[in-house]
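Summary of the model geometry
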Amino acid sequence: MAKYPFESIEKKWQKRWEEDQTFKATEDPSFPKEKRRYVLDMFPYPSGAGLHVGHPEGYTATDIYCRYLRMQGYNVLHPMGFDAFGLPAENYAIQTGTHPEVTTKANINRFRQQIKSLGFSYDWSREISTCTPDYYKWTQWIFLQLFKRGLAYEAEMPINWCPSCKTGLANEEVKDGLCDRCHTKVTRKRIRQWVLKITDYADQLLDGLDELDWPEPVKLMQRNWIGKSEGASVIFHIDGHEQTLEVYTTRPDTLFGATYMVLAPEHPLVQVITTSEQKKKVKDYIEEAARKSDLERTDLAKEKTGVFTGCYAINPVNGSRIPIWISDYVLISYGTGAIMAVPAHDERDWDFAKKFGLPIVQVVAEKGAQGPFDREPEYCLAADGISVNSGNFSGLPTVEAQEKITAWLEREGIGKKATNYKLRDWLFSRQRYWGEPIPLVHCKKCGIVPLPEESLPLLLPEVKSYAPSGTGESPLANIPEWVNTTCPHCGGPAKRETNTMPQWAGSCWYYLRYLDPHNSEAFADRSKIDYWMPVNLYVGGAEHAVLHLLYSRFWHKALYDLGLVNTKEPFARLINQGMVLGGEDNQKMSKSRGNVVNPDDIVAEYGADSMRVYEMFMGPLEVSKPWSTAGLVGVSRFLERAWLVSEKPLVQDEPPLELVKLLHKTIKKVTHDTDTLNFNTAISQMMIYLGELAKLKTLPVPLWEPFVQILSPYAPHVCEEFWERLGHKESISKSKWPVYEESLTLDDEKEIVVQVNGKIRERFTVAAGTDEAKLRQTALGLPKIGEWIAGKQVAKIIVVRDKLVNIVVKP
RNA sequence: GCGAGAGUGGUGGAAUGGCAGACACGCUAGACUUAGGAUCUAGUGCCUUUUGGCGUAAGGGUUCAAGUCCCUUCUCUCGCACCA
């Protein structure tokens, strides 16, 4: 079969769409709120490698959906832009001296051209790029609002430091102790930082998840990351000291079993309580702990280590003197940085106590277990049970014991209910060049002073060298004429903040800028926010589950509290598209594996429409699947066949009823499957239908026209061409989605399966809706069935109308 | 270790508890030809000569009926990982 001329067709229609601004979205008030849809793709980072076939998967899915929605009468907002600040361009600048802006612009141009070649129906008039001053002006502006609300603070603290990227990292950017970007081992470094108080929103971020139509795994990952836990804080007196020691526990019911205490090596009390005999050992241990990387410290396989401080605490419930140790299995960053150790009921404490010969006292017994519980237990019991050896609280089940002991602590004034989170504040500054400058100055007299909003954007200055100093200062620190400024408050000399924002800053709110991308008065006009928000469907990779998706929810909630947006959540519905894997090895596509498929090659050889349909035909959107160019050929043949069918002589004849029925079934299935994003099965139905049309000598318009329409979201270029040939002047995307007639989707006849003991033995055909009695009678009358049940006793007959008869027999 | 998800032909994948393998790739045979990345027709889970038997990671269970629901086990993918 000759290739259909996809090259000229695709060029022709892409040009037409651009000239006619076919997909420009406007805030037309005649569309009621329920007839508006904001459908968003996660915007790409424009890397030097260009697009690979994984990118267009999500883009194709949303594009089909948007085209379908428009034909269903919705006003659709579907924008695209670029996440343009980031390290690759900066690292390239360090190597070559090329300004990151130059590389970024070139990469964006390439990406835009590649994306456009696939014929996506984006409203390109809304394109944004996070690195342009008119965009990052508003990133800075939002930062100032957060700062003014007390949600941004400066802190000198030990942070995750990537020695390769030479910058600090947020907790979310560290995976298995490695830098998420470059997989270098992360170290600790104590430097001055800007931190965002995301923990203020911990509860809201947690509760907000309930109302979101998001994949459960993503919600669960965010819940775990936030890590809310409830328990009690308890104050212990320290023998011979005025100070007290506060710990957090989720098991106040085990207080009677606390036989020792452990402080994190960094805990401030360590210096105070350590006895002179233990000073040397403790000091050595602290130094050793400080040297260890996070990865080494958190390695679960390693043996527990620790040192006795020489000091004792008093267990408030029984007055016993219990030793205070230090160990790096206690983290300074969680709770109070100190724990009461209950070795009988906590695996970690158990290991530690066993290693150092510390006493183990059982205070919880398994339900129904018989005492006495006066000996050291043989194993650690971390589960709930019944309190024992716990004074007045003995005999209470765990939950009740927790409540009663917490109440007692409160009455005694030595404890209270407490909540803790794993979520830490967000380390927001980077010691790098290619990011948004933080719009603050440090004034000797006035302290930290925000720049006046009118003075934004604070432009990123030119630098001689892009190389990070590695000392914890960004390259901006090396430009005295930029750093030295005057205080906006007192007019005296001041220094600019030299840290820049992380790449996540720009992506925290880009979906809002699309609403009003050229506004110079506000990040977006409120009426436009009200018109479109929230995002109805957001499609992107699962790798952002706790990074971008948590950060932008946080910013959005802060903006909501500032009265600047209309919803508490930005993204009502989220879908993670699966990865497209390399065809040969079923591995993630990557340059180093050499299994990357370039969409340009596919478009050149098979056309954009084949590319689009194949991407959707591969399998369900959400799952990962391997790329197969051979598989693409099948889809390509489908479109070629459609082209051949289109060349049959068109007739206005009344088409055969059988085909009309198949058409209506096809419209029904494609409508439903497109609506639910099950594109692969929609395509297979269209293949079946086209196969029937291909058998005809002439092509009845009533069979062809609606088919072209339902195929058009999938293969828009070739369908525009078909549509034009059918005599239409306006774009097919402006046409109304075909409606099926339910009665025409129903079969008149049904094949009924006859089973004997659940095994299919025969079938027969009857009119649809034939009643059960008749079905039973017919089934029993079949000669073959007679043979199967001969000499056996019929115990039961199950009849399912339009489906089957199952005869249950006994020997 | 904990949590989540997934295991269906040679391959990608279909199947409101009711005909397992739709659709497509590949393969086999034939037809046709302006020899193409063709196209068309037929076939294609396994075993069996037909009748039939077996078959959705393995094993058990519920049910008239299980790929689908329940339990146990295995494998793979992802996430978290001393958070007291």
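Sequence positions are assigned chain by chain, starting from 1 and proceeding in written order. Throughout, the order in which chains and ligands are written sets their labels, letters from A for the former and numbers from 1 for the latter. Only residues with pLDDT of at least 70 get local features here, since the model is predicted, and only at 80 or more are side-chain atom pairs given and counted; chain-wide, interface and lining totals rely on the full set of residues. Side-chain measures here rest on the full set of heavy atoms in the structure, leaving out hydrogens and waters.

**With respect to the overall build of chain A**
The numbering of helices and of strands both runs from the N terminus, where a helix is a DSSP run of H or I of at least 4 residues and a strand a run of E of at least 2. A count of helices and strands for chain A gives 26 helices and 31 strands. For each residue, the accessible area found with a 1.4 Å probe, counting protein chains only, is set against the maximum for its type, and the residue is called buried under 20%, exposed over 50%, and partly exposed in between. Burial status across chain A gives 54% buried among its 811 residues. Taking contacts inside chain A between residues at least 6 apart in sequence as the whole, the part at least 24 apart equals 72%. For chain A, the exposed surface amounts to about 35,700 Å²; the carbon and sulfur share of it is 51%. As used throughout, the charge tally considers Lys and Arg to be positive and Asp and Glu to be negative, leaving His and the chain termini uncounted. Every charge is mapped to an atom, namely NZ of Lys, CZ of Arg, CG of Asp or CD of Glu. Side-chain charges in chain A split into 98 positive and 105 negative, and the spacing between the mean points of these groups amounts to 1 Å. What makes two residues a contact is simply this: any of their non-hydrogen atoms within 4.5 Å. Residue exposure ignores everything except the shown protein chains as possible cover, and the areas themselves are Shrake-Rupley values with a 1.4 Å probe.

**Observations concerning the sheet that holds strand 20 (residues 484-486)**
In this description, strands pair whenever DSSP reports at least two bridges between them. Ordered by their spatial adjacency, four strands build an open sheet running 19-18-21-20, and the pairing between neighbours is antiparallel. Because the sheet does not close on itself, it has two edges, and the strands there are strand 19 (447-450) and strand 20. Pairs of neighbouring strands in the sheet enclose a mean axial angle of 40°, with direction left out of account. Taken together, the three bridges between strand 18 (residues 440-443) and strand 21 (residues 493-496) define a ladder with antiparallel strand orientation. To obtain each axis, a line is fitted to C-alpha atoms, and for helices this fit is confined to the stretch in contact; angles are then taken between N-to-C directions over 0 to 180 degrees.

**Some details on unusual backbone geometry**
Residue Pro-457 follows Leu-456 across a cis peptide bond; omega there is 0°. Among the structural elements, Pro-457 can be located in the loop between strand 19 and helix 13 (480-483). Cis geometry marks the peptide bond from Met-533 to Pro-534; its omega dihedral reads 0°. Turning to its location among the elements, Pro-534 is positioned in the loop between helix 16 (526-532) and strand 22 (537-540). In this structure, Leu-677 is a non-glycine residue whose phi angle is positive, near 65°. Positionally, Leu-677 belongs in the loop between helix 21 (657-675) and helix 22 (679-693). For Leu-677, a relative accessible area of 6% gives the class buried. In this model, Asp-802 sits at a positive phi of 65°, which is unusual for a non-glycine residue. Under the relative-accessibility criterion, Asp-802 is labelled partly exposed at 25%.

**A word on the pairing of strand 1 (residues 36-41)**
Burial within strand 1 is extensive, with five of its six residues counted as buried. The pairing of strand 1 with strand 2 (residues 75-77) spans three bridges and is parallel. Paired with Arg-36 across the bridge in strand 2 is Asn-75. With respect to chirality, the unit in which strand 1 leads through helix 2 (residues 55-71) into the neighbouring parallel strand 2 is right-handed. Sheet topology places strand 1 next to strand 22; three bridges connect them, and they run parallel. Its bridge partner being in strand 22, Val-39 is matched across the sheet by Leu-537. The path from the first strand over the helix to the second decides the hand: if it runs clockwise while the strands point away from the viewer, the crossover is right-handed.

**Here's the deal with the packing of aromatic side chains**
Two rings belonging to Phe, Tyr or Trp (six-membered ring only in the last case) form a pair when the distance between their centres is within 6.5 Å. Interplanar angles under 30 degrees mark stacking, angles over 60 mark edge-to-face geometry, and anything in between is tilted. One pass over the structure, following the stated rule, counts 47 aromatic pairs. Arranged with centres 5.6 Å apart and planes meeting at 25°, the rings of Tyr-4 and Trp-643 form a pair that is stacked. With Tyr-4 in the segment before helix 1 (6-20) and Trp-643 in helix 20 (residues 629-646), this pair connects stretches of sequence that are 639 residues apart. Both residues of the pair, Tyr-4 and Trp-643, count as buried. Aromatic ring contacts, followed pair by pair, group Phe-143, Phe-147, Trp-194, Tyr-201, Trp-426, Phe-428, Trp-504, Tyr-551, Phe-554 and Trp-555 into a single cluster. Just above the ring of Tyr-74 sits the side chain of Lys-35; from NZ or CZ to the centre is 4.2 Å. By definition, being over a ring means that NZ of Lys or CZ of Arg is both within 6 Å of the ring centre and within 35 degrees of the ring normal. For Arg-496, the ring lying beneath its charged end belongs to Trp-482, and the centroid distance is 5.4 Å.

**Describing the confidence of the model for chain A**
If pLDDT is low for a region, its predicted coordinates should not be looked at in detail. Across chain A, the average pLDDT comes to 92, with 99% of residues at 70 or higher. Interface confidence for the predicted complex, expressed as ipTM, amounts to 0.94; the pTM equals 0.93. Confidence of the predictor at the level of single residues is given by pLDDT, which spans 0 to 100.

**Some words on the nonpolar core**
What makes a nonpolar core is a set of buried Ala, Val, Leu, Ile, Met, Phe, Trp, Tyr and Cys residues whose side-chain atoms join them at distances within 4.5 Å. In terms of nonpolar packing, the biggest core is built from 172 residues, with Phe-143, Trp-426, Trp-555 and Trp-627 touching the most fellow members. Filtering out sequence-adjacent residues up to four positions away, Phe-143 remains in contact with Ala-152, Trp-194, Leu-196, Phe-428, Ile-438, Pro-439, Leu-440 and Met-501. With 35 residues, the next largest nonpolar core counts Ala-258, Ile-273, Ile-326 and Leu-409 among its residues.

**Thoughts on the pattern of salt bridges**
By definition here, a salt bridge exists when the distance from a side-chain nitrogen of Lys or Arg to a carboxyl oxygen of Asp or Glu is within 4 Å. Under the defined criterion, the tally for this structure stands at 45 salt bridges. A salt bridge links Asp-63 to Arg-612, with the shortest nitrogen-to-oxygen separation between them at 2.8 Å. One end of the pair, Asp-63, is in helix 2; the other, Arg-612, is in helix 19 (residues 608-617), and 549 residues separate them in sequence. Its relative accessible area of 0% is what places Arg-612 among the buried residues. The closest approach of N and O atoms between Lys-665 and Asp-747, which form a salt bridge, is 2.6 Å. Placement of the pair is Lys-665 in helix 21 and Asp-747 in the loop between helix 24 (716-725) and strand 28 (749-756), with a sequence separation of 82 residues. Residue Lys-665 is classed as partly exposed on the basis of its relative accessible area of 29%. Within the structure, one salt-bridge network assembled from shared partners comprises Lys-12, Arg-16, Glu-721, Glu-724 and Arg-725.

**Remarks on the sheet that holds strand 31 (residues 804-810)**
Read across the open sheet, the four strands follow the order 29-28-31-30; overall the sheet is mixed. For this open sheet the edge positions go to strand 29 (759-767) and strand 30 (793-800), each flanked by a neighbour on one side alone. Pairwise comparison of adjacent strand axes, ignoring direction, gives a mean angle of 20° for this sheet. Sheet topology places strand 28 next to strand 29; eight bridges connect them, and they run antiparallel. Each residue of the ladder has a partner; that of Lys-750, found in strand 29, is Val-766. Its contacts with the sheet put helix 25 (residues 772-781) on strand 28, strand 29, strand 30 and strand 31, and the angle it makes with strand 30 is roughly 130°.

**Focus on empty space enclosed by the protein**
Buriedness for pockets is judged along seven lines, at least five of which must meet protein on both sides within 12 Å for an open set on the 1 Å grid over protein atoms alone, while cavities are sets there where a 1.4 Å probe fits but cannot get out, and lining residues have an atom within 4 Å of a point. Grid points are joined across faces, edges and corners, and a volume is the space filled by probe spheres set on the points. The tally for this structure, following the rule as stated, stands at two cavities of 30 Å³ or more. Size it by volume and the largest cavity reaches roughly 40 Å³. Lys, Arg, Asp and Glu make up the charged group, whereas Ala, Val, Leu, Ile, Met, Phe, Trp, Tyr, Cys and Pro make up the nonpolar group; the residues left over, Gly among them, are polar. Split by residue class, the lining of the largest cavity holds five nonpolar, two polar and one charged. One number sums up the size of the second largest cavity: a volume of about 30 Å³. Taken together, Trp-13, Glu-720, Trp-723, Glu-724, His-728, Lys-729, Glu-730, Ser-731 and Ile-732 make up the lining of the second largest cavity. Looking at the lining of the second largest cavity element by element, the count peaks at three residues for helix 24. Here the lining of the second largest cavity is composed, by residue class, of three nonpolar, two polar and four charged.

**Describing the environment of Pro-265**
Tracing the chain through its elements places Pro-265 in the loop between strand 10 (260-263) and helix 8 (269-273). Residue classification places Pro-265 among the buried residues on the basis of a relative accessible area of 3%. Here the alpha-carbon distance between Pro-265 and Ser-327, two residues 62 residues apart in the chain, equals 6.1 Å.

**Comments concerning helix 20**
Expected helix span is given by 1.5 Å per residue-to-residue step, counting one fewer step than there are residues. For helix 20, spanning 18 residues, the distance from its first C-alpha to its last is 26 Å, which sits close to the expected 26 Å at 1.5 Å a residue. Along helix 20, the residues classified as buried are Leu-632, Val-635, Ser-636, Phe-638, Leu-639, Glu-640, Ala-642, Trp-643, Val-645 and Ser-646.

**Here's the deal with the environment of Gly-319**
By the secondary structure assignment, Gly-319 is in the loop between strand 11 (307-314) and strand 12 (321-326). Between the alpha carbons of Gly-319 and Ile-128 there is a distance of 66 Å; along the sequence they are 191 residues apart.

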